[in-house]
Amino acid sequence: MASRRPYVGGNWKMNLDRNGAVALCRDLAQETLTLDAIQIAIFPAFVHLDAAHATLALAKSNVMLGAQDVYPEPDGAFTGEISIAMVQDFGANHVLVGHSERRHVIGEPEPLIRQKTRALIEAGMTCVLCIGETLDQRESGDTNAINESQLRSALRNLTIDDPQRLVIAYEPVWAIGTGRTATPDDAQDAHKHIRAVLADLFDENTANAIRIIYGGSVKPDNAAELFSQPDIDGGLIGGASLKPNDFLSICTAAQETSRAEGVST
Ligand code: PEP
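A. Inspection of the pattern of salt bridges at higher detail. Following the criterion strictly, the structure yields 15 salt bridges and no others. Here Arg-102 ties to Asp-69 by a salt bridge, and the two come within 3.3 Å at their closest N and O atoms. Here Arg-102, found in helix α4 (residues 100-106), pairs with Asp-69, found in the loop between β3 (64-67) and α3 (84-89); they are 33 residues apart in sequence, far enough to count as distant. Notably, a salt bridge pairs Arg-195 with Asp-233, separated by 2.9 Å at the nearest N-O pair. Placement of the pair is Arg-195 in helix α8 (residues 184-201) and Asp-233 in the loop between α10 (220-227) and β8 (234-237), with a sequence separation of 38 residues. The same class applies to Arg-195 and to Asp-233, which are both buried. Taken together, the salt bridges that share partners define one network made up of Arg-4, Arg-195, Asp-231 and Asp-233.

Rendered as structure tokens:
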């Protein structure tokens, strides 16, 4: 994993009420204090950002706060949307873009994903850009082609000053929330190809500094093997991020991998 600091994100999706979100933040804040070799971010629903921010701040937690989406325009007549400045105001500095549920359930188009990615990078936010193939695409042997086209579309004409602020989450659609996980070898192959595309889009050094994380039914019992692959720099965790013990085990696996590989903190 060279010198990339592992990144573990908890995507809470449309789950938890306010009390549940605060309780989960409290648990995580306490238990993650020693996990200093990795970067951890949680992504609660918009309406819980304020309470999550206050809870993490009170506990002096290192856990970063993220939003599950933003709209790329700064303000205006965009009913129902939330701007980057609005989520920043609530302490969020990481944002998910292009999650498969937004692409495939909500129908978010690629040009909008590109606009969001650009707006976040320009605002100095950490953008976690999600890409990945459907089952049909995998079975047709198109995994790398799909990842490449989603990457090239989202990152077109983008300049990256700080590679830490772009995280790519490779999430095969068929593995999200299904209990099916890509094998470590298959995931590594996809990540290696993604890094090669990043090198072509930016340059070798930038590509080597960008974290590429895996998502899709990561659990305590498969995290360590996935994270020990050379191009897998952590994970984006859905279901297991709602269970504090599971999420902490996954974070610990990332921390141990980073220690074994000598990542400087
Ligand atoms: C996700 O929502 O990004 C995800 C990977 O979900 P799960 O871990 O539940 O598959």
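From this point on, the discussion continues.
B. Representation of helix α7 (residues 143-154). In this model, α7 (12 residues) spans 17 Å end to end at C-alpha, consistent with the 16 Å of a helix rising 1.5 Å per residue. Within α7 the residues assigned to the buried category are Thr-143, Ile-146, Asn-147, Gln-150, Leu-151, Ser-153 and Ala-154. Around the axis of α7, the buried residues are gathered within 165° of arc, so they sit on the same side. Lining the buried residues of α7 we find α4, α5 (110-122), β5 (126-131), α6 (135-139), β6 (166-170) and α8.

C. Structural view of the site of the ligand. Neighbouring the ligand are 14 residues, the closest being Lys-13, Glu-171, Gly-177, Ser-217 and Gly-238. His-99 is positioned with one of its side-chain polar atoms (N or O) 2.9 Å from an oxygen atom of the ligand. Between Glu-171 and the ligand, the recorded distance is 2.6 Å, taken from a side-chain N or O atom to an oxygen atom. In the complex, the protein chains occlude 96% of the 290 Å² of accessible area that the ligand would expose alone. Taken together, the residues of the shell around the ligand break down into four nonpolar, eight polar and two charged.

D. Expanded view of the sheet that holds strand β2 (residues 39-43). With parallel pairing, eight strands are arranged side by side around a closed barrel as β1-β2-β3-β4-β5-β6-β7-β8. For this sheet, the mean inter-axis angle between neighbouring strands, taken without regard to orientation, is 25°. As judged from the five bridges shared by strand β1 (residues 7-11) and β2, these two strands associate in the parallel manner. Across the sheet, residue Gly-10 finds its bridge partner in β2, namely Ile-42. Contacts between helix α11 (residues 244-260) and the sheet are confined to β1, β2 and β8, with β1 contributing the most and set at about 165° to the helix.

E. Representation of unusual backbone geometry in the model. One non-glycine residue, Lys-13, lies in the positive phi region at around 50°. Mapped onto the elements of the fold, Lys-13 is located in the loop between β1 and α1 (18-31). At Lys-60, a position not held by glycine, the phi torsion is positive, near 50°. Note on placement: Lys-60 falls in the loop between α2 (49-58) and β3.

About the thresholds
Residues numbered from 1 in each chain as written. Predicted model: local features only at pLDDT ≥ 70, side-chain atom pairs only at ≥ 80, totals over all residues. Heavy atoms only, no water. Salt bridge = Lys/Arg side-chain N within 4 Å of Asp/Glu carboxyl O. Helix = DSSP H or I, 4+ residues; strand = E, 2+ residues; numbered from the N terminus. Buried < 20%, exposed > 50% of the residue type's maximum accessible area, 1.4 Å probe, protein only. Expected span 1.5 Å × (residues − 1). Arc of directions from axis to C-beta. Contact = heavy atoms within 4.5 Å. Near = heavy atom within 4 Å. Polar contact = N/O pair within 3.5 Å; in protein donor to acceptor, adjacent residues only side chain to side chain. Areas by Shrake-Rupley, 256 points an atom, 1.4 Å probe, with all protein chains shown as cover. Nonpolar A, V, L, I, M, F, W, Y, C, P; charged D, E, K, R; others polar. Pairing = 2+ DSSP bridges. Axes fitted to C-alpha atoms, helices over the stretch in contact; angles between N-to-C directions.

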